[in-house]
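# Summary of structural features
Take a look at the letters that make up each chain.
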Amino acid sequence: MKHLQAFARRQKALYYTLFALAIGMGGAIIAQAYFIVSVVDKLFLQKQDFAAVVPMLGALLLALLLRTFFSYSTNRIGIRMAALAKNDYRKRLLEAVSDQSLLSSYEGQSGQKVSLLLDTVDELDSFFSKYMPQRMVSSVVAVMIIIALFTQHYISALIVLATAPFIPMFMAIIGRSTQQKAEEKLANLNAFSGRFLDTLQGLVSLRLYGRSGHYKELIRTSSIQFRDSTMSILKIAFTSAFMLEFISMLSIGLVALELCLRLVVFKSIDFFPAFFILLLVPEFYQLLKDLGSAFHAGRSSSGAAAKVEEGLLVQEAKAWGDAPLAKGPVHITLSNVSFSYGDKMILQDINTVLPSVGQVALVGKSGAGKTTLLHIIAGLLETEGVTVNGKDRFAYKEQDWLRHISYITQQPYLFAGTIAENIALGLDVTRADIEEAAQKANIASMIRSLPDGYDTVIGEGGRGLSGGEKQRIAIARAFLRKSSVVLLDEPTSGLDIKTEHVLQEAIAALAETALVVTVAHRLPTIRRADKVLFIHNGTIAAEGTHEELYETEAYQALFTRQGGGTDERATADCAHDAPGKTG
Ligand SMILES: Nc1ncnc2c1ncn2[C@@H]1O[C@H](COP(=O)(O)OP(=O)(O)OP(=O)(O)O)[C@@H](O)[C@H]1O
């Protein structure tokens, strides 16, 4: 709860307004009791006319209205504080996610991350909207009521003081198990969300492998665990409400008995103070009971807060510098670059100079580290030894570097939106610019053939595109951004000869003004490259053109069925073609 309390205190204006409202509420409650007692006393004991009590009834009405107003305002402030807190936590979580390194972003399930951002942050609501306001009201008003009781009859005040601590004591005991249960509930909710999204994303594979039934069962078990943990929290809530009611009833009974004996038997107290005390004491215990329920809700939030704070502790990516990087082609050099995933060394002592424009192919057998090297060149993995225009790459502004690169993955992501929006990706460009980029990427005629053309909705909830079409959309993005470094993970299969040719042409056009580094699986791509980097045994074993490298045995082995580095068609092509022929 510490983090949440610290956040609430930082909202100074709201915090002090809550305090002022609580004082107002205390005043209204005491005034309400006072005027009720006065009216009854004047009408029934002093037998005065109704007209004599009219001003008091007016004052009573005002006290009631003020009480309602203070209560309403307190709730509003609580809701406002909750909205601010949730906004702040979501913003910080999003920043943490976007600042984290590529490796830590791989950890955990997407569904769990979404659940943390949405459901878990929502759980913080009750702390601010219920617990904080109630804590302020209960503590301030309770003290005011005790003072009022002392002014009337100190013995009743002492009885109230003696019995009151039972309620916080009970709350503390309940609070401990509630927090533990709340953490369990959130863990179950996150696990359920993670499994659900994971299953949804892999539904096609599961159906094809006939395993959807098994996963259905896993989701069912997961949802039952979530239901059970929610029910156990509710059980505690009901028990706690029952016990709070019980303790407060006993205490009120005790005070009432004492007053009754004094009033009727010993006649040592007047009607006015006795009735006044009798009206205020239930108010006092009601405040403690409300605090108890709010405390229960607040405890659930502190479980969520612990999870959110955990989510904020992500491993941050390497910090970038503030040197500007001018537009235009860049000169990238890799000197003694090494990289390992945990203990597993993947690349060691990579040394190479990349041309400013042209095509570079990263070639090697599956698992050799080609994609890893592509990520290193992109700056997604933090390694020493990459210089850009003679300066350490991380010395530049991150935004400047990112403006230079485009990364085209095997399955580029399509956002829910129109084709034009997907090409522009938020850039401030004209429709003519988008169409020109699409033209260069060889996708313009396909887009024009669609009924809504560039306004066709694609991505989630929209029209689907083939792998080759998606790649060309991504190439159009690169053309539009005028990137000077284009990184491309070539699809291993699935493209027909014609589509492949169309893609190759688009990539060749890009390579006229930019450096295109491709993780290459296909022989035509490898042959077109101005430079092939052959990754073998964790390092660049050789570099040069395909024809030059074909002289070495290890490289040749890639193109035989036993070597197994490139796809079937590349192998077959190679078996029939001499290395010198172009694809
Ligand atoms: N996030 C990761 N954590 C741990 N190991 C990883 C991770 N990503 C990749 N690896 C391992 O690093 C090695 C190199 O992977 P990489 O994806 O770079 O290979 P690749 O040459 O691109 O393979 P392919 O041609 O099959 O795509 C592989 O053994 C892979 O299992």
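Residues numbered from 1 in each chain as written. Predicted model: local features only at pLDDT ≥ 70, side-chain atom pairs only at ≥ 80, totals over all residues.

What follows deals with the sheet that holds strand E2 (residues 344-354). Taken in spatial order, the four strands line up as E2-E1-E4-E5 in an open sheet, and their pairing is antiparallel. Only two strands of the sheet have a single partner each, and these edge strands are E2 and strand E5 (391-392). In this sheet, E5 lies alongside strand E4 (residues 386-388) in antiparallel orientation, the contact comprising two bridges. Within E5, the position partnered with Thr 387 by the bridge is Asp 392. (Pairing = 2+ DSSP bridges. Helix = DSSP H or I, 4+ residues; strand = E, 2+ residues; numbered from the N terminus.)

What follows deals with the site of the ligand. Close to the ligand lie twelve residues; Tyr 341, Ser 366, Lys 370, Thr 371 and Thr 372 are nearest. If you tally residues by element for the shell around the ligand, the top one is helix H12 (residues 370-378), at three residues. A per-class count over the shell around the ligand returns five nonpolar, six polar and one charged. (Near = placed C-beta within 6 Å. Nonpolar A, V, L, I, M, F, W, Y, C, P; charged D, E, K, R; others polar.)

The next subject is the UniProt feature "transmembrane region" (unreviewed entry) in the protein. Within the UniProt annotation, "transmembrane region" (unreviewed entry) is assigned to residues 12-37, 49-70, 136-151, 236-257 and 263-281. Within the segment residues 49-70, helix and strand shares are 95% and 0% respectively, and the terminal C-alpha atoms sit 32 Å apart. End C-alpha atoms of residues 263-281 are separated by 16 Å, and the span's content is 74% helix alongside 0% strand. (UniProt positions renumbered as here; feature names shortened; annotations may be inferred.)

Moving on, we come to the sheet that holds strand E6 (residues 405-408). Taken together, the six strands give an open sheet; going across it, the order is E6-E9-E10-E3-E11-E12, and neighbouring strands pair in mixed fashion. Each edge of the sheet is formed by a strand with only one pairing partner; in this case those strands are E6 and strand E12 (539-544). Recorded for the sheet is a direction-independent mean angle of 15° between the axes of neighbouring strands. Two elements, strand E3 (residues 358-363) and strand E11 (residues 531-536), share four bridges in a ladder whose sense is parallel. By the bridge assignment, Ala 361 is partnered in E11 with Val 532. (Axes fitted to C-alpha atoms, helices over the stretch in contact; angles between N-to-C directions.)

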